[in-house]
Amino acid sequence: MGWGAYYGVLLICEKYLWGDLLSKAPAIVGHLYTIAVFVLGWSFFWITDPSQLVPYWKAMVGVFGATGSSTFWELTAWEYWPVFAICAVAATPVCPFLKERIAAWAENRAPASIRETGVANPRHLETSELCAMECKPATPSKERIFAVVSVLVDIALLALLLASCASIVAGSFNPFIYFQF
Amino acid sequence: MHFKKAANTTFLILTACFFASAIVVQLAIGAGFNFPQEMKAGIEKSELEGRSYAEFPKLSSKELKNGKAQAQFESYLSDRIPMRDNVLLANAALQRACIKAANFPFNFDAYPTFFEADTSAVPVDNLIIPNASKTSSKCAPIAEKLSKLLNRLAQEHPETRFVYDALSTSATSEFNPTYKYSTDGFNETWNQDHVLCNLTAENIFAFDDSIESFDELKTLWLTTEHHWTLKRALISYNRIAQNLGLTEYPYKNPILVKAKWYGARCRLGLDLEASSDFYDMPTDFSNIEWRNNKGDKISYGKRDAFLAGKNIYGNSPTYNVYDSYYGTEIVRAINNNTNSNRSCLVVCLSYAKALKGYIASNYKETVFIAPGKKNTEKPLSAYLDEGFDDVIIQLGRGNYLNIAERSPKFIG
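The model shown is predicted, which means the values in this text are computed figures rather than measured ones. As a convention, each chain's residues are numbered from 1 in the sequence order in which they are written. As a convention, the first chain written is A and the first ligand written is 1, with the rest following in written order. Reporting of local features is limited, given that this is a predicted model, to residues whose pLDDT is at least 70; pairs of side-chain atoms are given and counted only at 80 or more, and all residues count toward the totals for whole chains, interfaces and linings. Hydrogens and water molecules were not included; the side-chain quantities draw on all heavy atoms of the structure.

1. Remarks on the overall build of chain B
Now for step 1: Looking only at helices and strands, chain B has 15 helices and 17 strands in total.
Now for step 2: Using a 1.4 Å probe on the protein chains alone, a residue whose accessible area is under 20% of its type maximum counts as buried, one over 50% counts as exposed, and one in between counts as partly exposed. Buried positions account for 52% of the 412 residues belonging to chain B.
Now for step 3: Contacts: residue pairs with any heavy atoms within 4.5 Å of one another. In chain B, of all internal contacts separated by at least 6 residues, the share reaching a separation of at least 24 is 70%.
Now for step 4: Exposure was quantified through the Shrake-Rupley algorithm and a 1.4 Å probe, taking into account, for residues, occlusion by the shown protein chains and nothing else. A total of about 19,100 Å² of accessible surface is found on chain B, and carbon and sulfur atoms cover 53% of it.
Now for step 5: Two residue types count as positive, namely Lys and Arg, and two as negative, namely Asp and Glu; His and chain ends fall outside the count. Lysine's charge is taken at NZ, arginine's at CZ, aspartate's at CG and glutamate's at CD. Each charge class in chain B can be summarised by its mean position, and for the 46 positive and 46 negative side chains these summaries are 6 Å apart. Think of it this way: any DSSP run of H or I at least four residues long counts as a helix, any run of E at least two long counts as a strand, and we number them from the N terminus.

2. As for the confidence of the model for chain B
All names here are of chain B.
Now for step 1: Residue-level confidence of the predictor is what pLDDT reports, using numbers from 0 through 100. This prediction gives chain B a mean pLDDT of 88; 96% of its residues lie at or above 70.
Now for step 2: Of all helices and strands in chain B, the one with the weakest mean pLDDT is helix α1 (residues 2-30) (75), whereas helix α8 (residues 230-244) scores best (97).
Now for step 3: Scoring of the predicted complex yields 0.82 for pTM and 0.81 for ipTM.

3. Comments concerning the pattern of salt bridges
Residues and elements named next belong to chain B.
Now for step 1: Salt bridges are counted wherever a side-chain nitrogen of Lys or Arg sits within 4 Å of a carboxyl oxygen of Asp or Glu. All chains considered together, the criterion is met by 25 salt bridges over all chains.
Now for step 2: Across the pair arginine 265 and aspartate 118 runs a salt bridge whose closest N-O atoms are separated by 3.6 Å. Taken together, the residues arginine 265 in helix α9 (residues 264-269) and aspartate 118 in the loop between β3 (111-112) and β4 (119-122) connect sequence positions 147 residues apart.
Now for step 3: Classification of aspartate 118 as partly exposed rests on a relative accessible area of 48%.
Now for step 4: Note that arginine 232 is salt-bridged to glutamate 216, the shortest N-O span being 2.6 Å. Residue arginine 232 is located in helix α8, and its partner glutamate 216 is located in helix α7 (residues 214-219); the two are separated by 16 residues in the primary sequence.
Now for step 5: Linked by salt bridges that have partners in common, Glu49, Arg51, Asp79 and Arg84 make up one network.

4. Looking at the interface of chain A and chain B
Now for step 1: If you look at the interface, chain A gives 41 residues, while chain B gives 58 residues.
Now for step 2: Note on chain A versus chain B: buried area summed over both sides is about 4,200 Å², and carbon and sulfur give 70% of it.
Now for step 3: Where chain A meets chain B, there are one salt bridge.
Now for step 4: Put simply, glutamate 74 of chain A and lysine 134 of chain B hold a salt bridge, and the shortest N to O gap is 2.4 Å.
Now for step 5: Polar contacts here mean pairs of N or O atoms no more than 3.5 Å apart (in protein, one a potential hydrogen donor and the other a potential acceptor; neighbouring residues in sequence count only if both atoms are side-chain atoms). Between chain A and chain B we count seven residue pairs in polar contact (both at pLDDT 80 or more) in total.
Now for step 6: Those elements that place two or more of their residues in the side of chain A that touches chain B are α4 (72-75), α5 (81-90) and α9 (140-170) of chain A.
Now for step 7: Residues are grouped as follows: Ala, Val, Leu, Ile, Met, Phe, Trp, Tyr, Cys and Pro are nonpolar; Asp, Glu, Lys and Arg are charged; all remaining types, including Gly, are polar. Classifying every residue of the side of chain A that touches chain B by side-chain character gives 27 nonpolar, eight polar and six charged. Put simply, buried area is how much 1.4 Å-probe accessible surface two parts lose in total, over both of them, once they are put together.

5. Regarding the nonpolar core
Now for step 1: Core analysis: the largest hydrophobic core is formed by 83 residues, its most contacted members being Tyr164, Leu345, Leu380 and Tyr400 of chain B.
Now for step 2: Counting residues per element, this core draws most heavily on helix α5 (residues 139-156) of chain B, which supplies nine residues.
Now for step 3: If we skip the residues at most four places from it in the chain, leucine 380 of chain B touches Leu146, Leu149, Leu150, Leu153, Leu345, Val347 and Phe410 of chain B.
Now for step 4: Residues grouped as a nonpolar core are buried Ala, Val, Leu, Ile, Met, Phe, Trp, Tyr and Cys residues, joined through side-chain atoms within 4.5 Å. Ranked by size, the runner-up nonpolar core spans 16 residues in total, among them Val169 of chain A together with Leu48, Ala92 and Cys266 of chain B.

6. What about the packing of helix α2 (residues 27-46) of chain A against helix α3 (residues 53-60) of chain A?
All names here are of chain A.
Now for step 1: Relative orientation of the contacting elements α2 and α3 amounts to 140°, with a least axis distance of 11 Å. With respect to α3, the axis of α2 lies oblique. Both α2 and α3 take part in a crossing whose hand is right-handed. Facing Val39, Leu40, Ser43, Phe44 and Trp46 of α2, the residues of α3 in contact are Leu53, Tyr56, Trp57 and Met60.
Now for step 2: Its residues placed into classes, the contact of α2 with α3 shows eight nonpolar, one polar and no charged. Here an angle of 0 to 180 degrees is reported between the N-to-C directions of two axes, which are lines fitted to C-alpha atoms, with helices fitted over the stretch in contact. These descriptions rest on fixed angle ranges, namely under 35 degrees for roughly parallel, over 145 for roughly antiparallel, 65 to 115 for roughly perpendicular, and the rest for oblique. Two helices cross in a left-handed way if the nearer one is turned anticlockwise from the farther one by less than a right angle. They cross in a right-handed way if the turn is clockwise.

7. What about unusual backbone geometry?
All names here are of chain B.
Now for step 1: Positive phi is not limited to glycine here, since glutamate 116 has a value of about 70°.
Now for step 2: In this structure, glutamate 116 sits in the loop between β3 and β4.
Now for step 3: The phi dihedral of asparagine 253 is positive, around 50°, even though this residue is not glycine.
Now for step 4: Here asparagine 253 lies in the loop between α8 and β8 (255-258).

8. Examining α9 of chain A
Now for step 1: In a regular helix each residue adds 1.5 Å, so 31 residues correspond to 45 Å; α9 of chain A covers 45 Å between its end C-alpha atoms and thus fits that length.
Now for step 2: Listing the buried residues of α9 of chain A in full gives Lys142, Glu143, Phe146, Ala147, Ser150, Val151, Asp154, Leu158, Ala166 and Val169 of chain A. Given a helix with a known number of residues, its expected span is that number minus one, times 1.5 Å.

9. A word on the side chain of threonine 178 of chain B
Now for step 1: Inspection of the secondary structure assignment puts threonine 178 of chain B in the loop between β6 (161-167) and α6 (188-194).
Now for step 2: Leave out the neighbours within four places in its chain, and threonine 178 of chain B touches Trp73 of chain A together with Ala110, Ser120, Ile129, Pro130, Asn131 and Ala132 of chain B.

10. Quick word on the environment of alanine 404 of chain B
Now for step 1: With respect to the secondary-structure elements, alanine 404 of chain B resides in helix α14 (residues 400-406).
Now for step 2: The exposure class of alanine 404 of chain B is partly exposed, given its relative accessible area of 29%.

11. Describing the pairing of strand β11 (residues 288-291) of chain B
All names here are of chain B.
Now for step 1: Inspection of the sheet shows β11 paired to strand β14 (residues 332-335) by four bridges, in the antiparallel sense. By the bridge assignment, isoleucine 288 is partnered in β14 with asparagine 335.
Now for step 2: Relative to strand β12 (residues 297-298), β11 is paired through two bridges, and the arrangement is antiparallel. Across the sheet, the residue bridging to tryptophan 290 is isoleucine 298, located in β12. By this definition, two strands are paired if DSSP reports at least two bridges between them.

12. Things to note about the packing of aromatic side chains
Now for step 1: What counts as a ring pair is set by centres within 6.5 Å for rings of Phe, Tyr and Trp (its six-membered ring), and what kind of pair is set by the plane angle: stacked under 30 degrees, edge-to-face over 60, tilted for all other angles. For the coordinates displayed, the defined rule picks out 37 aromatic pairs over all chains.
Now for step 2: An angle of 50° between the planes, with centres 5.9 Å apart, marks the rings of tyrosine 237 of chain B and tyrosine 249 of chain B as tilted. Of this pair, tyrosine 237 of chain B sits in helix α8 while tyrosine 249 of chain B is found in the loop between α8 and β8, placing the two residues 12 residues apart along the sequence. The exposure classification of tyrosine 237 of chain B matches that of tyrosine 249 of chain B, with both residues buried.
Now for step 3: Seen from their ring centres, tyrosine 325 of chain B and tyrosine 326 of chain B are 5.1 Å apart, and the 80° between their planes marks the pair as edge-to-face. Here tyrosine 325 of chain B and tyrosine 326 of chain B have matching classes, each one buried.
Now for step 4: An aromatic cluster is built from Tyr237, Tyr249, Trp261, Phe278, Phe285, Trp290, Tyr300, Phe306, Tyr322, Tyr325, Tyr326 and Tyr358 of chain B, whose rings are joined through pairwise contacts.
Now for step 5: Comment: the charge-over-ring label is applied if NZ (Lys) or CZ (Arg) is within 6 Å of the ring centre and within 35 degrees of the ring normal. The lysine or arginine in question, lysine 142 of chain A, covers the ring of tryptophan 105 of chain A, its NZ or CZ lying 4.7 Å from the ring centre.

Right, dumping it as structure tokens:
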């Protein structure tokens, strides 16, 4: 309920108070605003005891120190930085860009710029466009190589699907120290 | 263009294989096909997780409405994934590789074996250890209540001799490599302040049985689980024996029980890379009758069979050797080969499993209760009213909460 009320109030405020201001502000302001809004929104799900909400928000902005009552090691956030790094790179148009580079090489043409190949390009919002390796290779040898690359991409995507499935299955890991058959 | 067709066909075949595999395996299991053990398809229990797999939920409108049926179905489904154990291990290995890379700039001695794991790997020393346990505001009052109760009961039973072995384990020792990275960990001072200081009765011999160094943790405790080696167990036993005038057993002529096995921490940490040798001594306890809580005669775990020369674990890698080797059901021991008429009550944890024979060899009758592991039906005072000559209590710092939760009657 708190979550619903939060977004309800926010929508009204955006419509009547600061919506226009936000739309005129630089994009970075909008990004930061969105992140702050959804991170705060998640706290309504995470904290079930309302009396803990304010201390939780305080902790989020460092009122109790950078690591609060825990140590840096205990907070475990450090374990995830390689994942964050991969996610940060994957969130850029690197995949469409690479795809365009390969296609341009196969078709003997100059590659499009990274701005044109970015995921922000509406053309790439269609998922089949984003992942499918489509082009017209200029020579039979390039066609062969392109086909191999296509298969490798498919295998990589399936491996990603397998890894995702494994991650879901691992969520149900439920061990007992002592055997309880 | 035929290369493009070949690529598309390959993709379709790979995708079909992926989705069809789960269906084919389930159909084959349904048709009674026996998969090789290595595939672990269609089995009903997991050695790795130490539990039986979830059964198909019993559907009722009540459980469908409250969401239990859906949750149970999810558990059932995830338990039916072919090669589930291997999937869990592979996923954990992937996460561990990430954590290992993440640790590069920080260079922590120990790091979790997968995301959110309460088990850590110490690669330099080839250890798999539980993360250092935390004290809590609930734990100290329970420890104080138990120790004060014991002290009062000791005063009420002046003819009974009490020994309190205040254990620290790998999880509750300040020499646990993750202790320095944690807050509010157990330490020797905690033991002194909340337990030992209350045990002042004249007929109680209480001693701090802490791990004394990291070297001890590495060499005298099993490196892939929380239990101790027999060598370390006998150090504690001999200290108890000296005080009660029992037979002392020096650690000698050890025999290797199993060259390759996976400890409880390997299972919990989903990390089977570390190994630990498991040794026992061929001490003869054949004159002792072991009984379970129904009064039935049982063996001393798999130990009897092993000493009789049987290949008790086969050739497959084995989990939880400590537990299965010493058994989990012994609650009473009757010694037919002693002139003593004395009896002993042992209040213990799983650590005492290695010592049951050594303790029982000194008494006509020995009763073992584990209030932190299994529910005990009676309060401690009722056990003492049975008139035991000696009472040995061997408890760890981290077990007081378990006692209150699993055996609420025990402390009263």
